[in-house]
Amino acid sequence: MVTTKAPEDAYTAEPFVPERGGLTALRKAAAECRGCPLHRDATQTVFGTGDTDARVLIVGEQPGDQEDRQGKPFVGPAGRLLDRALAEAGIDPAQTYVTNAVKHFKFTLPHSRLRSSGGTPIAPGKRRIHKAPSLREMTACGPWLAAELALVDPELIVVLGATAGKALLGSSFRVTQQRGTLLEEEIHGRQARVVATIHPSAALRADDREAVYQGLVSDLKVAARALG
(Lines give C-alpha, C1' and ligand atoms only; values in the text may rest on other atoms or scores of the structure.)
Protein backbone atom coordinates (compact mmCIF):
# COMPACT_ATOMS: atom_id res chain seq x y z
CA MET A 1 0.00 0.00 0.00
CA VAL A 2 1.38 3.38 -1.01
CA THR A 3 0.85 6.18 1.48
CA THR A 4 0.62 9.76 0.31
CA LYS A 5 2.17 12.44 2.44
CA ALA A 6 0.06 15.40 3.43
CA PRO A 7 1.23 18.67 1.81
CA GLU A 8 2.41 20.03 5.15
CA ASP A 9 4.88 17.17 5.54
CA ALA A 10 7.00 18.75 2.80
CA TYR A 11 7.30 22.00 4.79
CA THR A 12 7.07 24.34 1.83
CA ALA A 13 4.44 26.78 0.63
CA GLU A 14 5.84 26.72 -2.90
CA PRO A 15 3.00 24.65 -4.47
CA PHE A 16 0.41 27.09 -3.13
CA VAL A 17 1.97 30.33 -4.43
CA PRO A 18 0.33 31.51 -7.68
CA GLU A 19 2.62 32.24 -10.62
CA ARG A 20 0.91 35.55 -11.39
CA GLY A 21 -1.53 38.02 -9.94
CA GLY A 22 -1.41 40.88 -7.50
CA LEU A 23 -1.96 41.15 -3.77
CA THR A 24 -5.54 39.92 -3.95
CA ALA A 25 -4.48 36.75 -5.75
CA LEU A 26 -1.67 36.14 -3.27
CA ARG A 27 -3.91 36.66 -0.27
CA LYS A 28 -6.60 34.36 -1.68
CA ALA A 29 -4.08 31.61 -2.40
CA ALA A 30 -2.41 32.00 1.00
CA ALA A 31 -5.76 31.41 2.69
CA GLU A 32 -5.60 27.84 1.37
CA CYS A 33 -1.94 27.24 2.25
CA ARG A 34 -1.12 23.86 3.78
CA GLY A 35 2.63 24.22 3.47
CA CYS A 36 3.34 23.37 7.11
CA PRO A 37 1.35 22.01 10.07
CA LEU A 38 0.68 25.44 11.61
CA HIS A 39 -2.50 25.85 9.57
CA ARG A 40 -4.17 23.09 11.57
CA ASP A 41 -4.59 25.06 14.80
CA ALA A 42 -4.59 28.66 13.59
CA THR A 43 -7.89 30.42 12.96
CA GLN A 44 -6.82 31.64 9.54
CA THR A 45 -3.89 32.72 7.40
CA VAL A 46 -2.74 36.25 8.23
CA PHE A 47 -1.26 37.69 5.06
CA GLY A 48 0.52 41.00 4.60
CA THR A 49 -1.33 44.23 4.03
CA GLY A 50 -0.68 47.84 3.10
CA ASP A 51 0.55 49.91 0.22
CA THR A 52 1.97 47.70 -2.55
CA ASP A 53 3.82 50.79 -3.83
CA ALA A 54 5.36 51.31 -0.40
CA ARG A 55 8.99 52.32 -0.08
CA VAL A 56 9.24 50.36 3.17
CA LEU A 57 8.31 46.72 3.77
CA ILE A 58 8.12 45.74 7.44
CA VAL A 59 8.56 42.12 8.48
CA GLY A 60 7.64 40.75 11.90
CA GLU A 61 7.77 37.24 13.26
CA GLN A 62 4.26 35.80 13.11
CA PRO A 63 0.67 36.82 13.85
CA GLY A 64 -0.34 37.16 17.48
CA ASP A 65 -3.62 36.25 19.14
CA GLN A 66 -5.52 39.32 17.94
CA GLU A 67 -4.05 39.11 14.45
CA ASP A 68 -5.11 35.47 14.19
CA ARG A 69 -8.65 36.34 15.20
CA GLN A 70 -8.96 39.38 12.92
CA GLY A 71 -6.95 38.12 9.95
CA LYS A 72 -4.71 41.18 9.68
CA PRO A 73 -1.10 41.72 10.80
CA PHE A 74 -0.14 44.15 13.57
CA VAL A 75 -3.64 44.97 14.81
CA GLY A 76 -2.87 44.20 18.47
CA PRO A 77 -0.99 46.27 21.08
CA ALA A 78 2.39 45.70 19.39
CA GLY A 79 0.98 46.99 16.11
CA ARG A 80 -0.33 50.15 17.71
CA LEU A 81 3.05 50.75 19.33
CA LEU A 82 4.77 50.17 15.99
CA ASP A 83 2.58 52.76 14.26
CA ARG A 84 3.42 55.27 16.99
CA ALA A 85 7.15 54.58 16.71
CA LEU A 86 7.11 54.80 12.90
CA ALA A 87 5.35 58.16 12.98
CA GLU A 88 7.74 59.48 15.62
CA ALA A 89 10.70 58.35 13.47
CA GLY A 90 9.32 60.13 10.40
CA ILE A 91 7.85 57.17 8.50
CA ASP A 92 4.15 57.31 7.63
CA PRO A 93 2.60 53.97 8.73
CA ALA A 94 -0.02 54.33 5.99
CA GLN A 95 2.74 54.24 3.36
CA THR A 96 4.26 50.94 4.47
CA TYR A 97 3.56 47.32 3.71
CA VAL A 98 3.50 45.10 6.81
CA THR A 99 3.75 41.33 6.96
CA ASN A 100 5.23 38.48 8.96
CA ALA A 101 7.83 35.85 8.20
CA VAL A 102 5.28 33.18 9.21
CA LYS A 103 1.64 33.57 8.22
CA HIS A 104 -0.05 31.36 10.84
CA PHE A 105 -0.23 31.87 14.60
CA LYS A 106 1.80 29.30 16.53
CA PHE A 107 0.74 28.97 20.14
CA THR A 108 0.42 26.73 23.14
CA LEU A 109 -2.33 26.52 25.75
CA PRO A 110 -1.77 26.82 29.51
CA HIS A 111 -1.49 23.52 31.35
CA SER A 112 -4.47 22.36 33.36
CA ARG A 113 -4.28 23.25 37.03
CA LEU A 114 -5.63 21.18 39.91
CA ARG A 115 -8.23 22.33 42.38
CA SER A 116 -6.72 22.48 45.86
CA SER A 117 -9.82 20.87 47.35
CA GLY A 118 -10.26 17.64 45.47
CA GLY A 119 -7.63 17.53 42.74
CA THR A 120 -10.19 17.81 39.93
CA PRO A 121 -8.56 19.26 36.79
CA ILE A 122 -9.63 22.72 35.75
CA ALA A 123 -10.05 23.05 31.96
CA PRO A 124 -7.42 25.26 30.34
CA GLY A 125 -8.47 28.83 29.67
CA LYS A 126 -8.86 30.29 26.21
CA ARG A 127 -5.70 32.37 26.51
CA ARG A 128 -3.26 31.26 23.83
CA ILE A 129 0.42 31.71 24.54
CA HIS A 130 2.74 32.71 21.71
CA LYS A 131 5.31 30.10 20.72
CA ALA A 132 8.26 30.90 18.45
CA PRO A 133 8.14 29.24 15.02
CA SER A 134 10.82 26.72 14.14
CA LEU A 135 13.37 27.13 11.38
CA ARG A 136 11.45 24.59 9.26
CA GLU A 137 8.25 26.58 9.66
CA MET A 138 9.97 29.85 8.77
CA THR A 139 11.58 28.24 5.73
CA ALA A 140 8.26 26.74 4.66
CA CYS A 141 6.68 30.20 4.63
CA GLY A 142 9.59 31.75 2.70
CA PRO A 143 7.92 31.55 -0.73
CA TRP A 144 5.11 33.82 0.48
CA LEU A 145 7.55 36.44 1.69
CA ALA A 146 9.50 36.16 -1.57
CA ALA A 147 6.26 36.81 -3.48
CA GLU A 148 5.48 39.86 -1.34
CA LEU A 149 8.97 41.26 -1.87
CA ALA A 150 8.62 40.82 -5.62
CA LEU A 151 5.22 42.51 -5.61
CA VAL A 152 6.09 45.50 -3.42
CA ASP A 153 9.75 45.87 -4.51
CA PRO A 154 10.54 48.14 -1.54
CA GLU A 155 13.47 50.50 -1.24
CA LEU A 156 14.04 49.31 2.30
CA ILE A 157 13.11 46.38 4.53
CA VAL A 158 12.63 46.83 8.26
CA VAL A 159 13.05 43.60 10.22
CA LEU A 160 11.40 43.38 13.63
CA GLY A 161 13.01 41.02 16.10
CA ALA A 162 15.33 38.05 16.18
CA THR A 163 13.01 35.47 14.59
CA ALA A 164 12.19 37.63 11.58
CA GLY A 165 15.88 38.48 11.29
CA LYS A 166 16.88 34.84 11.19
CA ALA A 167 14.16 34.12 8.61
CA LEU A 168 15.49 36.80 6.26
CA LEU A 169 19.18 37.06 7.11
CA GLY A 170 20.13 33.58 8.30
CA SER A 171 20.66 31.77 11.57
CA SER A 172 23.72 33.85 12.50
CA PHE A 173 21.60 37.01 12.79
CA ARG A 174 21.66 38.66 16.22
CA VAL A 175 19.31 41.58 16.69
CA THR A 176 21.35 42.93 19.61
CA GLN A 177 24.43 43.19 17.38
CA GLN A 178 22.92 44.28 14.08
CA ARG A 179 20.03 46.54 15.05
CA GLY A 180 20.03 50.18 14.00
CA THR A 181 22.51 49.65 11.16
CA LEU A 182 21.86 49.93 7.44
CA LEU A 183 22.68 46.52 5.96
CA GLU A 184 23.08 45.46 2.33
CA GLU A 185 21.89 41.87 1.94
CA GLU A 186 20.61 39.42 -0.64
CA ILE A 187 17.13 38.26 0.35
CA HIS A 188 15.24 35.71 -1.72
CA GLY A 189 17.50 36.45 -4.68
CA ARG A 190 17.07 40.22 -4.45
CA GLN A 191 19.60 42.80 -3.29
CA ALA A 192 18.02 44.71 -0.47
CA ARG A 193 18.77 47.41 2.05
CA VAL A 194 17.73 46.30 5.53
CA VAL A 195 17.43 47.90 8.94
CA ALA A 196 16.82 45.57 11.88
CA THR A 197 15.34 46.48 15.23
CA ILE A 198 13.52 44.88 18.13
CA HIS A 199 9.96 43.66 17.84
CA PRO A 200 7.63 46.24 19.39
CA SER A 201 6.28 43.56 21.72
CA ALA A 202 9.68 43.64 23.44
CA ALA A 203 8.99 47.21 24.50
CA LEU A 204 5.60 46.18 25.88
CA ARG A 205 7.21 43.46 28.00
CA ALA A 206 10.18 45.51 29.21
CA ASP A 207 10.52 46.80 32.75
CA ASP A 208 11.76 50.13 31.40
CA ARG A 209 9.26 50.48 28.58
CA GLU A 210 10.07 54.07 27.68
CA ALA A 211 13.80 53.46 27.28
CA VAL A 212 13.24 50.37 25.15
CA TYR A 213 10.62 52.20 23.10
CA GLN A 214 13.03 55.07 22.44
CA GLY A 215 15.59 52.52 21.25
CA LEU A 216 13.01 51.26 18.75
CA VAL A 217 12.36 54.82 17.55
CA SER A 218 16.10 55.45 17.23
CA ASP A 219 16.51 52.37 15.00
CA LEU A 220 13.55 53.43 12.86
CA LYS A 221 15.12 56.86 12.40
CA VAL A 222 18.06 55.10 10.73
CA ALA A 223 15.52 53.63 8.29
CA ALA A 224 13.95 57.05 7.74
CA ARG A 225 17.33 58.62 6.98
CA ALA A 226 18.15 55.81 4.55
CA LEU A 227 15.02 56.69 2.60
CA GLY A 228 16.26 60.27 2.26
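Being a predicted model, the structure only gives us computed values, none of them experimental. (Residues numbered from 1 in each chain as written. Predicted model: local features only at pLDDT ≥ 70, side-chain atom pairs only at ≥ 80, totals over all residues. Heavy atoms only, no water.)

### Points about the overall build of the protein
Secondary structure summary: the protein contains 8 helices and 10 strands in total. Since a compact globule built from 228 residues should have a radius of gyration of about 17 Å, the 19 Å found for the protein is in line with a globular shape. If one aligns the C-alpha atoms of the protein with their principal axes, the spans along those axes are about 65 × 50 × 30 Å. In the protein, which comprises 228 residues, the proportion classed as buried is 46%. Summing over all exposed atoms, the protein offers an accessible surface of approximately 12000 Å²; the carbon and sulfur share of this is 49%. With 29 positive and 26 negative side-chain charges, the protein shows a separation of 7 Å between the mean positions of the two kinds. (Helix = DSSP H or I, 4+ residues; strand = E, 2+ residues; numbered from the N terminus. Rg over C-alpha atoms; globule rule 2.2 N^0.38 Å. Buried < 20%, exposed > 50% of the residue type's maximum accessible area, 1.4 Å probe, protein only. Areas by Shrake-Rupley, 256 points an atom, 1.4 Å probe, with all protein chains shown as cover. Lys, Arg positive; Asp, Glu negative; His and termini not counted. Charge placed at Lys NZ, Arg CZ, Asp CG, Glu CD.)

### Here's the deal with the side chain of T96
Mapped onto the elements, T96 comes out in strand 3 (residues 96–100). Reaching out from T96, the side chain makes a polar contact with the backbone oxygen of P93 at a distance of 2.8 Å. Not counting chain neighbours up to four residues away, the residues in contact with T96 comprise T49, G50, D51, A54, V56, I58 and I91. (Polar contact = N/O pair within 3.5 Å; in protein donor to acceptor, adjacent residues only side chain to side chain. Contact = heavy atoms within 4.5 Å.)

### Things to note about the pattern of salt bridges
Scanning the entire structure with this criterion turns up 9 salt bridges. For E8, the salt bridge is made with R40, and the minimal N-O distance between the two is 2.9 Å. In this pair, E8 sits in the segment before helix 1 (23–30) while R40 sits in the loop between helix 1 and strand 1 (49–50), placing the two residues 32 residues apart along the sequence. In this structure E8 comes out as buried when scored by relative accessible area, which is 8%. Residues D219 and R179 are paired through a salt bridge, measuring 2.7 Å at the closest nitrogen-oxygen approach. Of the two residues, D219 sits in helix 8 (residues 209–227) while R179 sits in the loop between helix 6 (175–178) and strand 9 (182–187), which places them 40 residues apart along the sequence. When its relative accessible area of 7% is taken as the criterion, D219 is described as buried. Classification of R179 by relative accessible area gives partly exposed; the value is 28%. (Salt bridge = Lys/Arg side-chain N within 4 Å of Asp/Glu carboxyl O.)

### Quick word on the environment of I198
Looking at the element boundaries, I198 is found in the loop between strand 10 (190–197) and helix 7 (200–205). Setting aside residues no more than four positions away along its own chain, I198 makes contact with L160, G161, V175, R179, V212, L216 and D219.

### Digging into the side chain of N100
Tracing the backbone through its elements, the reader meets N100 in strand 3. Residue N100 is classed as buried on the basis of its relative accessible area, which comes to 2%. A polar contact is formed between the side chain of N100 and the backbone nitrogen of Q62, at a distance of 3.4 Å. Beyond its immediate stretch of four places on either side in the chain, N100 contacts V59, G60, E61, Q62, P63, P73 and F74.

### Points about unusual backbone geometry
Although it is not a glycine, Y11 adopts a positive phi angle of roughly 50°. Relative to the helices and strands, Y11 is located in the segment before helix 1. Phi at F74 is positive, roughly 55°, even though this residue is not glycine. Among the structural elements, F74 can be located in the loop between helix 2 (65–70) and helix 3 (77–89).

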